[in-house]
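Structure at a glance
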Amino acid sequence: MTCNLPVTYNETKYANLISYAQIGCNNYIRSLNLEDKKALHIGIGTSSILKYLRFIGVPCVIDGVTIIKEEMEVNLDYLDYGYNKLWLINKYDPELFAKISSYDMINDVNLKSSACCEDHWKNYFEKLLTVLKPGGILVTHTQGYPFLVPSKLKELTTAELKSMLPEEYSLTEVTDLTNEYGHYPVVIKRGGV
């Protein structure tokens, strides 16, 4: 890798506030049948996905990842009735993929927006696709494309995502869930089911 994984993002407000991008992803996730499925929420924030699924009684396994200590602290209580596993780790750290397994649904609203370098971003995205089960989906949001911190990297685009997808993956822009800011969920699906 070209850098030593500096932490580029340390905003604590999302431990208590749901971002517009997460709200958009949640609106899409509500349409899914996640019963008896395994989900991964990267950037857990307020654990809004877990709270919703538990509120409506969906039996599923949910793992969570965050780099923000405050998010981890706020959500530790959910280990008792919700999260299967919860990790405090930089998502761009290749060590993450030694910890996680395979998932039916992954949610990461800010795929690239806190990346330290192009190598770690590309490695993260490529490995993330491999932990999707056949038929599994990755849900992200165009409002999460801009960088959260100043960066020398180019801002993420849907065209970049499409160019990085192997043949067995497809991308769908869920424009019927466009929010008041003109942004919407993007869903990447792995073929096979």
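Residues numbered from 1 in each chain as written. Predicted model: local features only at pLDDT ≥ 70, side-chain atom pairs only at ≥ 80, totals over all residues. Heavy atoms only, no water.

**With respect to the overall build of the protein chain**
In plain terms, the rule: Numbering of helices and strands starts at the N terminus; helices are DSSP runs of H or I of at least 4 residues and strands are runs of E of at least 2. Based on C-alpha atoms, the radius of gyration is set beside the globule rule, defined as 2.2 Å times the residue count to the power 0.38. Buried, partly exposed and exposed residues are distinguished by accessible area as a fraction of the type maximum, computed with a 1.4 Å probe on protein chains only: under 20%, between the cut-offs, and over 50%, respectively. By definition in these notes, contact holds between two residues if any of their heavy atoms fall within 4.5 Å. Values of accessible area rely on a 1.4 Å probe in the Shrake-Rupley scheme; residue burial ignores everything except the protein chains shown. Under this rule, positive means Lys or Arg and negative means Asp or Glu; His and the chain ends count for nothing. Where a charge lies is defined by one atom per residue type, namely NZ (Lys), CZ (Arg), CG (Asp) and CD (Glu).
Counting its regular elements, the protein chain contains 6 helices and 7 strands. Its helices and strands taken in sequence order, the protein chain reads α-β-α-β-α-β-α-β-α-β-α-β-β from the N to the C terminus. Against the 2.2 N^0.38 benchmark of 16 Å for 193 residues, the protein chain shows a C-alpha radius of gyration of 15 Å, consistent with a compact globule. For the protein chain, the proportion of its 193 residues judged to be buried stands at 50%. Sequence-distant contacts, at least 24 apart, represent 65% of the contacts inside the protein chain between residues at least 6 apart. Accessible area of the protein chain: about 9,300 Å², with a carbon and sulfur share of 49%. Side chains of the protein chain carry 19 positive and 23 negative charges; the gap between the two charge centres is 2 Å.

**Quick word on a nonpolar patch on the surface**
Put simply, the rule is: To count toward a patch, a residue needs a relative accessible area over 30% and no salt bridge; like charges are then connected within 9 Å, while nonpolar side chains (Val, Leu, Ile, Met, Phe, Trp, Tyr) are connected within 5 Å. Think of a salt bridge as a Lys or Arg side-chain nitrogen and an Asp or Glu carboxyl oxygen that are within 4 Å of each other.
On the surface, I18, Y20, I23 and Y181 cluster together into a nonpolar patch covering about 370 Å² of accessible area. Within the element layout of this structure, I23 appears in helix α1 (residues 20-29).

**Things to note about unusual backbone geometry**
Although it is not a glycine, D36 sits at a positive phi angle of roughly 60°. Locating D36 in the fold gives a position in the loop between α1 and β1 (38-42). On the accessibility criterion, D36 (63% relative accessible area) is exposed.

**Points about helix α2 (residues 48-55)**
Within the sequence span of α2, burial applies to S48, I49, L50 and L53. Packed against the buried residues of α2 are α1, β1, β2 (61-66), β3 (83-88) and β4 (103-107). Just past α2, the residue G57 takes up positive phi, approximately 80°.

**Some words on the sheet that holds strand β6 (residues 169-173)**
What counts here: Should DSSP find at least two bridges between two strands, the strands are taken to pair. The angle between two axes is taken between their N-to-C directions and runs from 0 to 180 degrees, where each axis is a line fitted to C-alpha atoms and a helix contributes only its stretch in contact.
The 7 strands lie next to each other as β3-β2-β1-β4-β5-β7-β6, forming an open sheet whose pairing is mixed. Bordering the open sheet on either side are β3 and β6, each of which pairs with just one other strand. Between one strand and the next, the sheet's axes are offset by a mean angle of 15°, whatever the strand orientation. When β4 meets strand β5 (residues 132-141), the two strands line up parallel, connected through 4 bridges. If you follow I106 over to β5, its bridge partner there is L138. Against the sheet, α1 contacts β1, β4, β5 and β7 (185-190), and its axis sits at roughly 140° relative to β5. Strand contacts of helix α5 (residues 118-130): β1, β4, β5, β6 and β7, with the helix running at about 135° to β5, the strand carrying the most contacts.

**Focus on the pairing of β4**
Spelled out, the test is: Handedness of a crossover is defined as follows: orient the strands so they point away from the viewer, and if the path from the first strand over the helix to the second runs clockwise, the crossover is right-handed.
Taken across its 5 residues, β4 has 5 buried, putting it largely inside the fold. Bridging between β1 and β4 involves 3 bridges; their strand directions are parallel. The residue of β4 that forms the bridge with L40 is I106. Assessed by its sense of winding, the connection that carries the chain from β4 through α5 to β5 is right-handed.

**As for the pattern of salt bridges**
Inspection of every chain in the model, using the stated rule, returns 5 salt bridges. Across the pair K112 and E160 runs a salt bridge whose closest N-O atoms are separated by 3.2 Å. Highlighted residues: K112 in the loop between β4 and α5 and E160 in helix α6 (residues 158-164), separated in sequence by 48 residues. One salt bridge in this structure joins R190 and E168, with 3.0 Å as the shortest N-O distance. Taken as a pair, R190 in strand β7 and E168 in the loop between α6 and β6 lie far apart in primary sequence, 22 residues in all. Relative accessible area serves as the criterion here: at 41%, E168 is assigned to the partly exposed category. Taken together, the shared-partner salt bridges connect K112, E118 and E160 into one network.

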